[in-house]
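So the chains spell out like this:
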Amino acid sequence: MEGMGNEALGYLGAGIGAGLAVLGAGIGIGNIAASAAEGTARNPEATADIRTTMIIAAALIEGVALFGEVIAVLLVLK
Amino acid sequence: MKRFSAFRAGEFARIAILIIPLLFGIGTIARAASSDAGHGEESAGDVIMHHILDSNKMEFDPFGSFALPKLVIGGFDLSITKHVVFMWLAAIILLAVFLYVGNYYKTIGSRKAPGGVANVMEAIVQFIRLDVAKSNIGEGYERHMPYLLTVFVFILVLNLLGLIPYGASATGNINVTLTLSVFTFFITQVAAVKAHGIKGYLAHLTAGTHPALWIIMIPIEFIGLFTKPIALTIRLFANMTAGHIVILSLIFISFILKSFIVAVFVSVPFSVIIYLLEIFIAFLQAFIFTMLSALFIGLASSHDESHEPEAAH
């Protein structure tokens, strides 16, 4: 880490943080989509309900990921 | 046949009106990027931030710009900014559309199907009424319909205004989204107090646990009240801002790399795809905000005494 100023470490932290946030959100939304596809295949009549639940859950997870992204952007800009 | 060709001419004129400012806009970005090409990356960031942030000017770029009035009342900066102008524009659009539709329903009988704009609006209103309000709030959802419908169409129009040339999306400003969430917060609390009474509302804060746990549960539940509107705020704000940043970054790739090939094969196709995705996200985020508002109101006012775990977080 020698030779890296605070600013460089800030950029590094922002990059790693954004990546981790995206990783978590990707895993979470992937799980939701997998379960939704499975549920729809098992019970096609519930497609509309499953889709609504899926969108809400995905949005909640995405919201958490976006918290991480906002913090990363703030790290870069400040 | 003649009518058909007239229709086509009208369509072409409309598309040209949309495309010409877009070309001017890209030309402006190009000039901004090339004016200090020495450090292209930094100027790209500056232009992106300039595009995202609120300002005191309305800019119509090759044609110049005009400053908006600055108002400072009692130490508070109440200037009319770009985002305020766009919110007024959205309000005017909504007033015009809904007054027209409302009058239209008075002119047609109840047995006739509506056409045109009224038909589209009927689909939206029914969607909010049945799929959002009724299925999440349940009994007594009619009381919350005006708020939910207003917030849906307002956010939708603000999101879409950010996608037209010279537009800015006011929902990409955290003050706007925070205000909208505060409305949801107060409506949720009022609905909860109305449904359970003051005593029931306070009992809710203990989550039905043993009094020995209250010292932990009450702070947690109290914080939980505020995380919901804050999550709503950040979600809408970050989604709209992120979309704009992604589109501009893709455009700027070609300026940073100074390559026409990148522009043709990367910047333009990818930004068009993201742009189409943004149109979808404009609808989705308006829907999500309304849906979660309805969900919070429904959870707060549900008469179920089993204290079911909260769906959010």
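This structure is a prediction, so every number in the text was calculated from the model and none was measured.

> Explain empty space enclosed by the protein to me, using residue names and the numbers behind them.
Residues and elements named next belong to chain B. Taken as a whole and judged by the stated rule, the model has 1 cavity of 30 Å³ or more. Those elements that place two or more of their residues in the lining of the largest cavity are helix H2 (40-52) and helix H7 (214-257). With 3 residues, the top contributor of residues to the lining of the largest cavity is H7. For the lining of the largest cavity, a count of residues per class yields 3 nonpolar, 7 polar and no charged.

> Tell me what's going on with the side chain of His144(B), and back it up with residues and numbers.
With respect to the helices, strands and loops of the structure, His144(B) is situated in the loop between helix H4 (116-137) and helix H5 (145-161). Once residues within four sequence positions are removed from consideration, His144(B) is found in contact with Ile137(B), Ile187(B), Ala191(B) and Ile297(B).

> Residues and numbers for the interface of chain A and chain B, please.
Across the contact, 11 residues belong to chain A and 16 residues belong to chain B. Approximately 1200 Å² of surface area, both sides summed, lies buried where chain A meets chain B, with 84% of it carried by carbon and sulfur atoms. Counting across the interface, chain A meets chain B through 0 salt bridges. Counting every contact that joins chain A to chain B gives 2 residue pairs in polar contact (both at pLDDT 80 or more). Residue classes in the side of chain A that touches chain B are distributed as 8 nonpolar, 2 polar and 1 charged.

Cut-offs used in this document
- Residues numbered from 1 in each chain as written.
- Chains lettered and ligands numbered in written order.
- Predicted model: local features only at pLDDT ≥ 70, side-chain atom pairs only at ≥ 80, totals over all residues.
- Heavy atoms only, no water.
- 1 Å grid on protein atoms, 1.4 Å probe; cavity = no way out; pocket = protein on both sides within 12 Å on 5 of 7 lines; lining within 4 Å.
- Points joined across faces, edges and corners; volume = space filled by probe spheres on them.
- Helix = DSSP H or I, 4+ residues; strand = E, 2+ residues; numbered from the N terminus.
- Nonpolar A, V, L, I, M, F, W, Y, C, P; charged D, E, K, R; others polar.
- Contact = heavy atoms within 4.5 Å.
- Buried area = accessible area lost by both parts, 1.4 Å probe.
- Salt bridge = Lys/Arg side-chain N within 4 Å of Asp/Glu carboxyl O.
- Polar contact = N/O pair within 3.5 Å; in protein donor to acceptor, adjacent residues only side chain to side chain.

Everything listed is a geometric property; what it means functionally is a separate question.
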